[in-house]
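What follows is each chain in one-letter form.
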Amino acid sequence: MVVLQLQQPNYGISRRPSLQRRRRQGALRTVCLQTQALPSRTQRIMESISVSGEVGGAGGAYSYNALKRLDQLWTSICSAQTVYQEPQKVVSSIPGLFKHSALGDKAVETFDVLICGGTLGIFIATALSSKGLQVGIVERNILKGREQEWNISRKELLELVEAGILVEDDIEQVTVAKFNPNRCGFEGKGEIWIEDILNLGVSPAKLIEIVKRRFKSLGGVIFEGYSVSNICIYEDAAVLQLAEGNILSTCLLIDAMGNFSPVVKQIRGGRKPDGVCLVVGSCARGFTNNSTSDVIYSSSSVKKVGESEVQYFWEAFPTGSGPMDRTTYMFTYVDPQPKCPKLEDLLEDYWDMMPEYQGVSFKDLQILRVVFGIFPTYRDSPLPAAFDRFGDASGIQSPVSFGGFGSLTRHLERLSTGIYEAITGNFLDSYSLSLLNPYMPNLSASWLFQRAMSAKQLSNVSPDFISELLYVNFRSMQRLGDPVLRPFLQDVIQFGPLVKTLGLVMLSKPQILPSIFKQVGVPVLLDWSGHFVMLGYYTFLSTFIDPAIRPLINAFPAKMKYKGKRYLEAWKYGAGLDYKQ
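Here is what the cut-offs are and how they apply
- Residues numbered from 1 in each chain as written.
- Predicted model: local features only at pLDDT ≥ 70, side-chain atom pairs only at ≥ 80, totals over all residues.
- Heavy atoms only, no water.
- Helix = DSSP H or I, 4+ residues; strand = E, 2+ residues; numbered from the N terminus.
- Buried < 20%, exposed > 50% of the residue type's maximum accessible area, 1.4 Å probe, protein only.
- Contact = heavy atoms within 4.5 Å.
- Phe/Tyr/Trp six-rings, centres within 6.5 Å; stacked < 30°, edge-to-face > 60°.
- Pairing = 2+ DSSP bridges.
- Axes fitted to C-alpha atoms, helices over the stretch in contact; angles between N-to-C directions.
- Core = buried A, V, L, I, M, F, W, Y, C linked by side-chain atoms within 4.5 Å.
- Salt bridge = Lys/Arg side-chain N within 4 Å of Asp/Glu carboxyl O.
- pLDDT = per-residue confidence, 0-100.

### Regarding the overall build of the chain
Stage number 1. Looking only at helices and strands, one finds 18 helices and 20 strands in the chain.
Stage number 2. For the chain, the residues scored as buried account for 54% of the 581 residues in total.
Stage number 3. Counting only contacts in the chain whose residues sit at least 6 apart along the sequence, the fraction spanning at least 24 positions is 77%.

Spelled out as structure tokens, the structure:
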């Protein structure tokens, strides 16, 4: 509130009669003006939507207050030099046995595995329960899926069936939208169409409810509405103390709380991310042409937002809530710096640009909900286990994706089998657990693609360079066929297809190479070259050495057998050779 006292000025001229009159009346004219900034279009839209059923996990909150809270967190990340928040010490290693400690007789329940975070944790929990383990989940909210659909391919859903989490009939029940073909478009340059990539809309609410029922039927226990207070790692157990006073003990504790887990924050020392994917979007009603999807669509050139430059990308999918309902996402990759745009800034651009992108009039649309999120990435992911009896599940996500569900389905069978063998064999030291989250060169190689898709100030390249680079790469992959294009579209990098694509790009458009060096930078390219070499090495190991070693592994001693299997898996998954067409 600004208060201004507006008094009639004198300017040296006698106005005695009127001054006396004012004094006699006892009134000094004072005017109070209240000024308040007008609400943004984003605020007006979001506050006009009825919001209910917000849940945990990425994209589970839809309110304007939730947007402001996330923007505050994002601002704190951007403003930090190296550490954006001093981490709270959540996990402590304590020498000795839990059963001899002061808490030894206070544990209310004991488990083989406890999982913190249930939105994606419920899947690994159910896979482990189906193998006969006693599993518990701690979730600070009610464990349920969000309204906004997950987009995935049928192949990835079938991996849930293979892991014993779903049966095939469940796939039809949770699939609320199907659409083909799927577009990869590049504004002003061209487009590529492909079938059956991210062409299903899955209801998280239905999916998690089915998996939740199955988990409970297998003897699983869910602590809903409980928060983690602290974790103590003893020689014989991991002990979880909840804010509500419960004490739970387990052989193995798994952190599935996501990128902003307090445990991950502690392990990383609160270090700010190396890169971030910012995502905004909406689900709206009023799209008459609504039978196809966009897997990726790039705007023609870099755009100025405040004092930053960003390159916008888009995704669009029909949704199952109605024939004219469609979800559109706008996202960008940025380095977390003080002048980075906020999510609300991006949404203001989104309202302006989305109608033109989709060929509709904004006034013809009814906004059903607004979605937003920030997805941090680190060059050194995945994290090795920092403690005995403790594992982190957040490091398997690709640096260029903004959803963890597809990454989880791909690794689910590998992780559940490895965790089961670690528990039954009592291989719960930090080194043995790190073998479950190993270095994967194809995941590390993806970092270059995020760098190439991030707009850089003063990079001395054309504003349309990023869109041109993507178009050249996608056109090359299309010419090389489905074995090259399809894995890439599902975040799987393989050595052979990558070599072919890079070779064809250099032959077909060699003049683009100097701009790549300017855009990405020599240090990043040198770092990437190491991962590229390792990608080829892992491909060689998995293709030629694995068949020679695998028949011998069962004759190894138990711990050597466990380690051998994990190395073979690291080679296979690290080379992307687990991918099935």
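### Here's the deal with the packing of aromatic side chains
Stage number 1. Taken as a whole and judged by the stated rule, the model has 24 aromatic pairs.
Stage number 2. An angle of 80° between the planes, with centres 5.8 Å apart, marks the rings of F474 and F488 as edge-to-face. Of the two residues, F474 is situated in helix α13 (residues 465-480) and F488 in helix α14 (residues 482-489); the sequence distance between them amounts to 14 residues.
Stage number 3. On the basis of relative accessibility, which here comes to 3%, the residue F474 falls in the buried class.
Stage number 4. In this structure an aromatic cluster arises from ring pairing among Y297, W314, Y350, W351, Y357 and F362.

### Some details on the sheet that holds strand β19 (residues 366-377)
Strand pairing in a sheet relies on backbone hydrogen bonds. The paired strands run either parallel or antiparallel.
Stage number 1. Spatial strand order, β7-β6-β14-β17-β18-β13-β19: seven strands in an open sheet with mixed pairing. With one partner strand each, in any of the chains shown, β7 (190-194) and β19 form the two edges of the open sheet. This sheet shows a mean twist of 15° between the axes of neighbouring strands, independent of strand direction.
Stage number 2. Sheet topology note: the strand β6 (residues 182-186)/strand β14 (residues 293-298) ladder contains five bridges and is parallel. In the strand pairing of β14, F186 is matched with S298.
Stage number 3. Along the sheet, helix α12 (residues 441-452) makes contact with β13 (275-285), β18 (325-334) and β19, crossing β13 at roughly 70°.
Stage number 4. This element, α14, spans β6, β7 and β14 of the sheet and lies at about 90° to β7.

### Regarding the nonpolar core
Stage number 1. Counting residues in hydrophobic clusters, the biggest one holds 48 residues, and the most contacted among them are C184, F313, F474 and L489.
Stage number 2. The element that contributes the greatest number of residues to this core is α13, accounting for eight residues.
Stage number 3. Leave out the neighbours within four places in its chain, and L489 touches C184, I194, I197, V295 and F474.
Stage number 4. Counting 45 residues, the second largest nonpolar core, distinct from the first, contains F123, V135, I210 and F215.

### Observations regarding the pattern of salt bridges
Note on pairing: side chains with opposite charge can pair once their charged atoms come close.
Stage number 1. Considering all chains together, one arrives at 29 salt bridges under this definition.
Stage number 2. Across the pair R154 and E168 runs a salt bridge, and its minimum N-O distance is 3.5 Å. Of this pair, R154 sits in helix α5 (residues 154-162) while E168 sits in helix α6 (residues 168-174), and the two are 14 residues apart along the sequence.
Stage number 3. In this structure E168 comes out as partly exposed when scored by relative accessible area, which is 45%.
Stage number 4. Put simply, E191 and R183 hold a salt bridge, and the shortest N to O gap is 3.1 Å.
Stage number 5. Taking relative accessible area as the criterion, R183 reaches 15% and is therefore assigned buried.

### With respect to the confidence of the model for the chain
Stage number 1. Per-residue pLDDT for the chain averages 88, and the proportion of residues at 70 or more is 90%.
Stage number 2. Every residue in residues 1-35 is under pLDDT 50, and counting partners more than four places away or in other chains gives 18 contacts.

### Description of the sheet that holds strand β5 (residues 175-178)
Stage number 1. Strand order across the open sheet formed by three strands is β4-β8-β5, with antiparallel pairing between neighbours. Pairing within the sheet leaves two strands with one partner each, and these edge strands are β4 (150-152) and β5. Neighbouring strand axes in the sheet, compared pairwise and without regard to direction, differ in orientation by 30° on average.
Stage number 2. Where β5 lies against strand β8 (residues 200-202), three bridges are found, and the strand directions are antiparallel. Each bridged residue has a counterpart across the sheet, and for K178 the counterpart in β8 is L200.
Stage number 3. Along the sheet face, helix α7 (residues 204-217) touches β4, β5 and β8 and points at about 85° away from the line of β4.

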